[in-house]
Amino acid sequence: MSSPILISLDAMGGDHGPPVVVAGVRDYIKRHGGAGVRFLLHGDETAIRAEMAQCGLTDDVCIVRHTDKVVAMDEKPAQAMRRGKGSSLWNAIEAVKSGEAGAVVSAGNTGALMAISKLLLRMSAPGLERPAIVAGWPTPRGVTAVLDVGANIESDAAQLVEFAIMGEAFMTAVHSVAKPTIGILNVGSEDMKGHEEVREAARLLREGGFGLDYFGFVEGTDIARGTVDVVVTDGFTGNIALKTAEGVAKFIAGLMKEALTSSLASKAGALLAMPALRRMSQKIDPNANNGGPLLGLNGIVVKSHGGATPGGFGAAIRVAVELGRSDYLIKVSQSFSRLTAVLEQPPAAPSDPAKETSQ
């Protein structure tokens, strides 16, 4: 029996608000069962309860906390921090801070979510400056976790190691990979390739004693192949890779639709191939892998796509439940302590070639 958990939801976040959030709760329960999981919904009580009635959800499953204050999707993070107190987003995160809820999910303003989460929950290690956003990347082997995909534009070697630590714990907690393999995204797989920060991060992962299964450098083509379970990179590179992949997927989907509807014969062929096409569509559907945790916080915060479907929001809830029930935070804290110790060690004295020659 899984441990009981309360999931805090920003019911007003995203492009659609309560209609998707409440239906997302129903979708999660339908797919994964509701045993041991309750939901705390923050927002307009009248709108939330109307959707609960449509979805057949009762007060045994959902607790509603009313607020008429909402952080707009286009509101700047600084404004959200100044004016957001008492909003559905703020209150949803505060429930995690107080210990009432085990995790929070929001489809709202990403910048505001990150800023308020950092303000209320704080970072889980002294050296961490910002959370890292992880994306689930569909591959032939399942899912590869890629981080960071937008939170940290520049990352030094220590931050890349932190991403590796958090990514490994995430894959174990959410995707049940016992010993995830780690790769650092680079311009080539050879050890001498890349700038100083990625080479130093590779050295730390090889020699730091973190207990991670470090594979080595990987290239862009390795992400979709599933060469490793976790791909580590800075947020600038990761975000470009993610947006490029999304654009290519939409382009290919458009080409396929055009080709399969261009004639009666192609339409007949599409009808015969429909089961296989549906399986492929589900594999690359962003909603199927929705739910990007903000890793590095003293609490579980999951970002859903703003335009997610109910099924997509339900997928984000699943990520929150799995992380909230796991020992993710403890495991990451222990590994961060090890990283701090490694970084505090004085550098090894350079060897003296003359002495080595004389011996």
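Anyway, here's the lowdown on the structure attached to this text.

Cut-offs applied
Residues numbered from 1 in each chain as written. Predicted model: local features only at pLDDT ≥ 70, side-chain atom pairs only at ≥ 80, totals over all residues. Heavy atoms only, no water. Pairing = 2+ DSSP bridges. Helix = DSSP H or I, 4+ residues; strand = E, 2+ residues; numbered from the N terminus. Axes fitted to C-alpha atoms, helices over the stretch in contact; angles between N-to-C directions. Contact = heavy atoms within 4.5 Å. Salt bridge = Lys/Arg side-chain N within 4 Å of Asp/Glu carboxyl O. Buried < 20%, exposed > 50% of the residue type's maximum accessible area, 1.4 Å probe, protein only. Right-handed = clockwise from strand over helix to strand, strands pointing away. Disulfide = S-S within 2.5 Å. Core = buried A, V, L, I, M, F, W, Y, C linked by side-chain atoms within 4.5 Å. 1 Å grid on protein atoms, 1.4 Å probe; cavity = no way out; pocket = protein on both sides within 12 Å on 5 of 7 lines; lining within 4 Å. Points joined across faces, edges and corners; volume = space filled by probe spheres on them. Nonpolar A, V, L, I, M, F, W, Y, C, P; charged D, E, K, R; others polar. Left-handed = near helix turned anticlockwise from the far one by under 90°. Patch = residues over 30% accessible without salt bridge, like charges linked within 9 Å, V, L, I, M, F, W, Y side chains within 5 Å. Areas by Shrake-Rupley, 256 points an atom, 1.4 Å probe, with all protein chains shown as cover.

Right, let's get into the sheet that holds strand β7 (residues 181–185). The eleven strands lie next to each other as β3-β2-β1-β4-β11-β10-β5-β6-β9-β7-β8, forming an open sheet whose pairing is mixed. Edge positions in the sheet fall to β3 (62–66) and β8 (213–218), since each of these pairs with one other strand and no more. Within the sheet, the average angular offset between the axes of one strand and its neighbour, ignoring direction, is 25 degrees. Helix α1 (residues 18–32) rests against β1 (5–10), β2 (37–43) and β3 of the sheet, and its axis sits at about 175 degrees to β2.

Moving on to the pattern of salt bridges. When charged atoms on two side chains of opposite charge get close, those side chains can pair. In total, this model carries ten salt bridges according to the counting rule given. Between R49 and D59 there is a salt bridge, and its shortest N-O distance comes to 2.8 Å. Here the residue R49 occupies a position in helix α2 (residues 45–55), and D59 occupies one in the loop between α2 and β3, the gap between them amounting to ten residues. Since its relative accessible area comes to 33%, R49 is described here as partly exposed. For R225, the salt bridge identified is with D222, shortest N-O distance 3.6 Å. Of this pair, R225 and D222 both sit in helix α8 (residues 220–225), three residues apart, which is roughly one turn of the helix. Salt bridges linked by common partners bring E45, R49 and D59 together as one network.

With that settled, consider the pairing of β8. The side chains of a regular strand alternate between both faces of the sheet. As defined by bridge partners, β7 adjoins β8 across five bridges and the pair is classed as parallel. From the neighbouring strand, I184 faces β8, where its bridge partner is F217. Handedness of the crossover joining β7 and β8 through helix α7 (residues 196–207) is recorded here as right-handed.

Moving on to the state of the cysteines. Applying the stated rule across the entire model yields zero disulfides. Just so you know, C55 is unpaired, no disulfide at all, and the nearest cysteine sulfur is the one on C62, 8.9 Å from it.

Mapped onto the elements, I133 comes out in strand β5 (residues 132–139). Taking relative accessible area as the criterion, I133 reaches 15% and is therefore assigned buried. Expressed as a C-alpha distance, the spacing of I133 and N152, which sit 19 residues apart in the sequence, is 8.7 Å. For I133, the residues in contact, after removing those within four places along its chain, are T110, M114, V146, L147, D148, V149, A151, P293 and L294.

A cis amide bond links L147 to the next residue, D148, at an omega of 5 degrees. Within the secondary structure, D148 is located in the loop between β6 (142–147) and α6 (157–175). Unusually for a residue other than glycine, R122 sits at a positive phi of about 70 degrees. Looking at the secondary structure, you find R122 in the loop between α5 (110–121) and β5. According to the relative accessible area criterion, R122 is exposed, its value standing at 51%. The phi dihedral of S176 is positive, around 55 degrees, even though this residue is not glycine. Checked against the element boundaries, S176 lands in the loop between α6 and β7.

It is worth spelling out the nonpolar core at this point. Of all hydrophobic cores here, the largest spans 102 residues; its most connected members are I7, L9, F39, L41, F170 and Y328. Excluding anything up to four places from it in sequence, L41 contacts L9, A11, V21, V22, I48, C62, I63, V64 and R65.

For the rest of this paragraph, the subject is empty space enclosed by the protein. Following the criterion strictly, the structure yields three cavities of 30 Å³ or more and no others. Of the pockets and cavities examined, the largest cavity occupies roughly 60 Å³. Looking at the largest cavity, it is lined by 14 residues, and the ones nearest its centre are G13, G14, V20, A107 and G306. Looking at side-chain class alone, the lining of the largest cavity contains five nonpolar, eight polar and one charged residues. If you add up the space inside the second largest cavity, you get close to 40 Å³. Listing elements by their share of the lining of the second largest cavity, those giving two or more residues are β10 (292–295) and α13 (328–344). If you tally residues by element for the lining of the second largest cavity, the top one is β10, at three residues. Across the lining of the second largest cavity, the residue classes tally to nine nonpolar, two polar and no charged.

Once that is clear, we can look at the packing of α1 against helix α12 (residues 310–325). Two elements in contact, α1 and α12, have axes separated by 7 Å at closest approach and are oriented at 65 degrees. Considering only the axes of α1 and α12, their crossing is right-handed. Of the residues in α12, those touching α1 at V20, V21, A23, G24, V25, D27, Y28 and H32 are P310, G311, F313, G314, I317, R318 and V321. Partitioning the contact of α1 with α12 into residue classes produces nine nonpolar, four polar and two charged.

With that settled, consider a nonpolar patch on the surface. There is a patch of nonpolar side chains on the surface, built from V248, F251, I252 and L255 and spanning about 380 Å² of accessible area. Residue V248 is classed as partly exposed on the basis of its relative accessible area, which comes to 41%.

Nothing here speaks to function; it is geometry throughout.
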